[in-house]
Amino acid sequence: MESKVFEFIAKEQERQDRNIELIASENFVSENILKAVGSCFTNKYCEGYPYVRTTGRKGRYYGGTMYADELEEYCCDLWKKVYNTDYHVNVQPHSGSQANFAAYMSVIKPGDTILAMNLDNGGHLTHGSSVNFSGKLYDMQFYGVDENGFIDYEDMEKKIKEFRPAIVLAGASAYSRIIKFDLIREIIDRCATEDYPAPYFVVDMAHIAGLIAGGAHPSPFGLADIITTTTHKTLRGPRGGLIFCRPELANKVDGAIFPGSQGGPLMHVIAGKAICAEEALSPDYKEYAANVVKNSKAMCEEFIKMGYHVVTGGTDNHLFLLDLSKTHPTLTGKMLQEELDKHHITLNKNCVPGEQRKPAETSGVRVGTAAMTTKGWKEADFIEAAKKIDAIIKAMDL
Ligand SMILES: *Cc1c(COP(=O)(O)O)cnc(C)c1O
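Residues numbered from 1 in each chain as written. Predicted model: local features only at pLDDT ≥ 70, side-chain atom pairs only at ≥ 80, totals over all residues. Heavy atoms only, no water.

1. Here we look at the overall build of the protein
Okay, step 1: Of the regular secondary structure elements, the protein holds 14 helices and 14 strands.
Okay, step 2: The C-alpha atoms of the protein give a radius of gyration of 21 Å, which matches the 21 Å a tight globule of 398 residues would have.
Okay, step 3: By residue count, 56% of the 398 residues in the protein fall in the buried class.
Okay, step 4: Looking at the protein alone, contacts between residues at least 24 apart form 71% of all its contacts between residues at least 6 apart.
Okay, step 5: Taken as a whole, the protein presents about 17600 Å² of accessible surface, with 52% of it coming from carbon and sulfur.
Okay, step 6: Seen as two clouds, the 44 positive and the 52 negative side-chain charges of the protein have centres 2 Å apart. (Helix = DSSP H or I, 4+ residues; strand = E, 2+ residues; numbered from the N terminus. Rg over C-alpha atoms; globule rule 2.2 N^0.38 Å. Buried < 20%, exposed > 50% of the residue type's maximum accessible area, 1.4 Å probe, protein only. Contact = heavy atoms within 4.5 Å. Areas by Shrake-Rupley, 256 points an atom, 1.4 Å probe, with all protein chains shown as cover. Lys, Arg positive; Asp, Glu negative; His and termini not counted. Charge placed at Lys NZ, Arg CZ, Asp CG, Glu CD.)

What follows is the structure in structure tokens.
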């Protein structure tokens, strides 16, 4: 039977082939991952877990799961290898947001306090936005960035002492510098007292998970208690999430995913996540992660050379933020995003530290290099794209 849907897919494929993709949270998966996600595993119900938990029971609720069991255990083993860790891993979260929901639910109760990075400074929706479950269910407190845009670790320490959170959360969607997981661990341990045991240290590495896997960013393993991620950003896998935790938290975390907040796992996506892990373990992947950062630095430096203001004055990872308010006071992030769309360049508007505009307008844009590096772009291509964006801005009637 013909379906109209294939017309939409064909048009989307054309768009993806044509456009310069600079959205920092996007990437292009391999043919193998596309095949796995489009496979017959989408038909199988597998509520529960394949591995023997402390109950000693095989925890699936349906028959016929033998191949799904093999797949899920294979997937879990691979992800432990990717991060060279003995942490427990749960590969079932449907998304990064689901992973965060379960991470919080596993160790704290509604009403408890979470200290996270300020959303204006690069934190994620699930890190305490008032319109998100996190902001509605928990007492959210925030640390920020300093006047140069770097995480203010002194502010973090002060806030831990002041609010005594049950979770300290690190990780961001729009932060271009190394996150010092070792320093945060030290701060947390330093803040613990006799009547305030160390809070849980949760790292949401959604954006930088691929860089960590490829050795291009310090790892939170061995430092954090729970680590959540998406698989579809720098990791270059199917859309989905993962949760890692210290082995002693395994039952709590598993229970918070199923039956706590999800039903049947998406086994076809778990198949894609397993291939993503295979790819992350390949020798090419290290080079990919290094190239993503090299390309980001090259493009960022070109913008600085052309007189643009980059938040923190540079980048250590796959993205950077242009703060237009300093150089183009009448140009909003939204205007630039829309203008670039006309030229088939895709990126997103983004708040900048000290933002004066509404989130729907913003004074900045976020630029990422993970997707086009997958397409084979080198430093020179990214430099050329920076020049093209500058030319487009110069041609605007501001
Ligand atoms: C993207 C992102 C998420 C959420 O991922 P979804 O899969 O879109 O739900 C969570 N945390 C951070 C830091 C992110 O950047």
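2. Structural notes on the environment of Ala-68
Okay, step 1: Note that Ala-68 resides in helix α3 (residues 66–82).
Okay, step 2: Taking relative accessible area as the criterion, Ala-68 reaches 2% and is therefore assigned buried.
Okay, step 3: For the pair Ala-68 and Val-37, spaced 31 residues apart in sequence, the C-alpha separation works out to 14 Å.
Okay, step 4: With near-sequence residues (within four places) excluded, Ala-68 lies in contact with Phe-41, Cys-46, Arg-60 and Met-267.

3. Points about the domain arrangement of the protein
Okay, step 1: Partitioning the protein into structural domains gives domain 1 (10–26 + 285–395) and domain 2 (31–280).
Okay, step 2: Measuring from the centre of the C-alpha atoms in domain 1 to the corresponding centre in domain 2 gives 27 Å.
Okay, step 3: Taken together, the two surfaces of domain 1 and domain 2 that pack against each other cover about 2100 Å², and 57% of this comes from carbon and sulfur.
Okay, step 4: Considering only the surface of domain 1 that becomes buried against domain 2, Tyr-285, Thr-312 and Asp-316 emerge as the three largest contributors, covering 34% of it.
Okay, step 5: Between domain 1 and domain 2 we count one salt bridge in total.
Okay, step 6: Where Asp-316 meets Arg-177, a salt bridge forms, and the shortest distance between an N and an O atom there is 3.0 Å. (Domains from an automatic or database assignment. Buried area = accessible area lost by both parts, 1.4 Å probe. Salt bridge = Lys/Arg side-chain N within 4 Å of Asp/Glu carboxyl O.)

4. Thoughts on the sheet that holds strand β13 (residues 348–350)
Okay, step 1: Ordered by their spatial adjacency, three strands build an open sheet running β11-β14-β13, and the pairing between neighbours is antiparallel. At either end of the open sheet lies a strand with only one pairing partner, and these are β11 (319–323) and β13. If you compare each strand with its neighbour and ignore which way they point, the axes differ by 40 degrees on average.
Okay, step 2: Sheet analysis places β13 next to strand β14 (residues 364–368), joined by three bridges and oriented antiparallel. (Pairing = 2+ DSSP bridges. Axes fitted to C-alpha atoms, helices over the stretch in contact; angles between N-to-C directions.)

5. A few points about the sheet that holds strand β9 (residues 226–230)
Okay, step 1: Strands sit in the order β4-β10-β9-β8-β7-β5-β6 across an open sheet of seven strands; the sheet is mixed. The open sheet has two edge strands with one neighbour each: β4 (88–90) and β6 (139–143). When the angles between neighbouring strand axes are averaged without regard to direction, this sheet yields 20 degrees.
Okay, step 2: When β4 meets strand β10 (residues 241–245), the two strands line up antiparallel, connected through three bridges. Along β10, the bridge assignment pairs His-88 with Cys-245.

6. Things to note about the packing of helix α6 (residues 153–163) against helix α7 (residues 181–191)
In helix packing, the relevant descriptors are the interaxial angle and the interaxial distance, both defined with respect to the helix axes.
Okay, step 1: Interhelical geometry of α6 versus α7 gives an angle of 30 degrees and a closest axis separation of 10 Å. Regarding the angle of α6 to α7, the classification is roughly parallel. Between α6 and α7 lies a crossing whose hand is right-handed. Contact with α6, carried on its side by Tyr-153, Met-156, Glu-157, Ile-160 and Lys-161, involves Leu-183, Ile-184, Ile-187, Ile-188, Arg-190 and Cys-191 of α7 and no other residues of that element.
Okay, step 2: Residue composition of the contact of α6 with α7, grouped by class: eight nonpolar, no polar and three charged. (Parallel < 35°, antiparallel > 145°, perpendicular 65-115°, else oblique. Left-handed = near helix turned anticlockwise from the far one by under 90°. Nonpolar A, V, L, I, M, F, W, Y, C, P; charged D, E, K, R; others polar.)

7. Considerations on the site of the ligand
Okay, step 1: In the vicinity of the ligand there are 13 residues, among which Gly-96, Ser-97, Ser-173, Asp-204 and Lys-233 approach most closely.
Okay, step 2: In the model, an oxygen atom of the ligand is placed 2.9 Å from a nitrogen or oxygen of the Gly-96 main chain.
Okay, step 3: One nitrogen or oxygen atom from the side chain of Ser-97 is found 2.6 Å from an oxygen atom belonging to the ligand.
Okay, step 4: It is helix α4 (residues 96–107) that contributes the most residues to the shell around the ligand, three residues altogether. (Near = heavy atom within 4 Å. Polar contact = N/O pair within 3.5 Å; in protein donor to acceptor, adjacent residues only side chain to side chain.)

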